[in-house]
Amino acid sequence: MVVLPAIHTVSAPVVANFSSRGPNSITPEILKPDIVAPGVKILAAYSEDPEPVLPYNILSGTSVACPHVAGVVGLLKSVHPDWSPSAIKSAIMTTASTKENQYGYPMSDEIGGWAEPFSRGAGEINPNRAMNPGLVYNLTLNDYLDFLCTRGYDKSIIQKFSDQPYECPEKNNILDFNYPSITVHQLNGTVTVTRRLTNVGPPGSYTADVWSPMGIIVDVEPKTLAFGKKGEEHKFELTMKAEDGFGITDYVYGKLTWSNSNHYVKSPIVVSVLL
């Protein structure tokens, strides 16, 4: 995803008009985009083949936003060589900024409206914060295999991604895929979403704070997670249901934050209601 840079006092970042938007057309229960990064009028080294031969150029697009993210991933892997790809992704997403630089207002899109999760994902990448996220949403091999199970893949295909035959769990819900964002597509009645958080910082306690999507009742249990050591993992559940009388006809947005005195582990919440 791509954001516009700014000079001096111009409000930034702004999501560019050509930046790809969600929702995820293949798996709507997983929010896309994940993140935004600088990608408009970026000065950088340039391929000298084919013509014209230019050592440097100014370009816009995903092709210049993506290297920003790739560079941050390399930085995080050098600082935390034991982190998994999913831990790195989580650190990037949960520490991203959704505010503009001037007055702390919400990030805007190209027409001046607030940039919603389907345009800015979890927010703009912040490398310094990503190095010290506090907690991460980690994924194991079995998590990915369970994801394939929810998509209807048979044993023969799933085994291609595993060292041995894999049995899909009897109770397996795509909503419980341990992703750093939380998306419920076509909420019907009450639904409970499960997530796991792993401590990658010092021991401490984190408290949940929920900004509920409009017309959605959200409850978190437990509301406090206490971590005694690095690598310790705890599970929590997020229960959601639509309030009567709101008549929700489109996606609505909120946010879940786990915080202590030094860290703010943020996850966008995106919900649509079955009509």
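Fair warning: this is a prediction, and the values are worked out from it, not measured in the lab. Along each chain, the written sequence defines residue order, and numbers are assigned to residues from 1. Local features are withheld for residues below a pLDDT of 70 in this predicted model, meaning they are given only at 70 or higher, and side-chain atom pairs are given and counted only at 80 or more; totals for whole chains, interfaces and linings count all residues. Side-chain measures here rest on the full set of heavy atoms in the structure, leaving out hydrogens and waters.

1. Details of the nonpolar core
Thought 1: In terms of nonpolar packing, the biggest core is built from 29 residues, with I35, I92, I125 and F177 touching the most fellow members.
Thought 2: Mapped by element, the contributors of at least two residues to this core are helix 1 (62–79), helix 2 (85–94) and helix 5 (141–150).
Thought 3: It is helix 2 that contributes the most residues to this core, five residues altogether.
Thought 4: Any two residues whose heavy atoms approach within 4.5 Å are treated as being in contact. Apart from the residues lying within four places of it in its own chain, the contact partners of F177 are I30, L139, D143, Y144, F147 and R195. Throughout, nonpolar core names a set of buried Ala, Val, Leu, Ile, Met, Phe, Trp, Tyr and Cys residues whose side chains join them through atoms within 4.5 Å. Exposure is judged per residue with a 1.4 Å probe applied to protein chains only, and the accessible area is read against the type maximum: over 50% gives exposed, under 20% gives buried, and values in between give partly exposed. Each helix corresponds to a stretch of at least 4 residues labelled H or I by DSSP, and each strand to a stretch of at least 2 residues labelled E; elements are numbered beginning at the N terminus.

2. Digging into the sheet that holds strand 8 (residues 190–199)
Adjacent strands of a sheet form backbone hydrogen bonds with each other and so pair up, either parallel or antiparallel.
Thought 1: We treat two strands as partners when DSSP finds at least two bridges between them. Strand order in this open sheet of four strands is 6-8-12-10, and the pairing throughout is antiparallel. Both edges of this open sheet fall to strand 6 (135–136) and strand 10 (216–221), since each of them pairs with a single strand only.
Thought 2: The pairing of strand 10 with strand 12 (residues 233–242) spans six bridges and is classified as antiparallel. Within strand 12, the residue paired with E221 across the bridge is E237.

3. Considering the sheet that holds strand 9 (residues 204–211)
Thought 1: Taken together, five strands build an open sheet; the order of strands is 7-14-13-9-11 and the sheet is mixed. Among the strands making up the open sheet, the edge pair consists of strand 7 (182–187) and strand 11 (224–227). The mean inter-strand angle of the sheet, taken between neighbouring strand axes irrespective of direction, is 20°.
Thought 2: For strand 9 and strand 13 (residues 252–259), the ladder comprises five bridges, and the chain directions are antiparallel. Paired with T207 across the strands is S259, a residue of strand 13. Lines fitted to the C-alpha atoms define the axes, with helices restricted to the stretch that makes contact. Angles between their N-to-C directions range from 0 to 180 degrees.

4. Notes on helix 2
Thought 1: By the criterion of burial, helix 2 is predominantly enclosed, with eight of the 10 residues buried.
Thought 2: Inspection of helix 2 places S86, A87, I88, S90, A91, I92, M93 and T94 among the buried residues, and these make up the whole buried set.
Thought 3: Where helix 2 is buried, its residues contact helix 1, helix 4 (127–130), strand 6, helix 5 and strand 14 (264–273).

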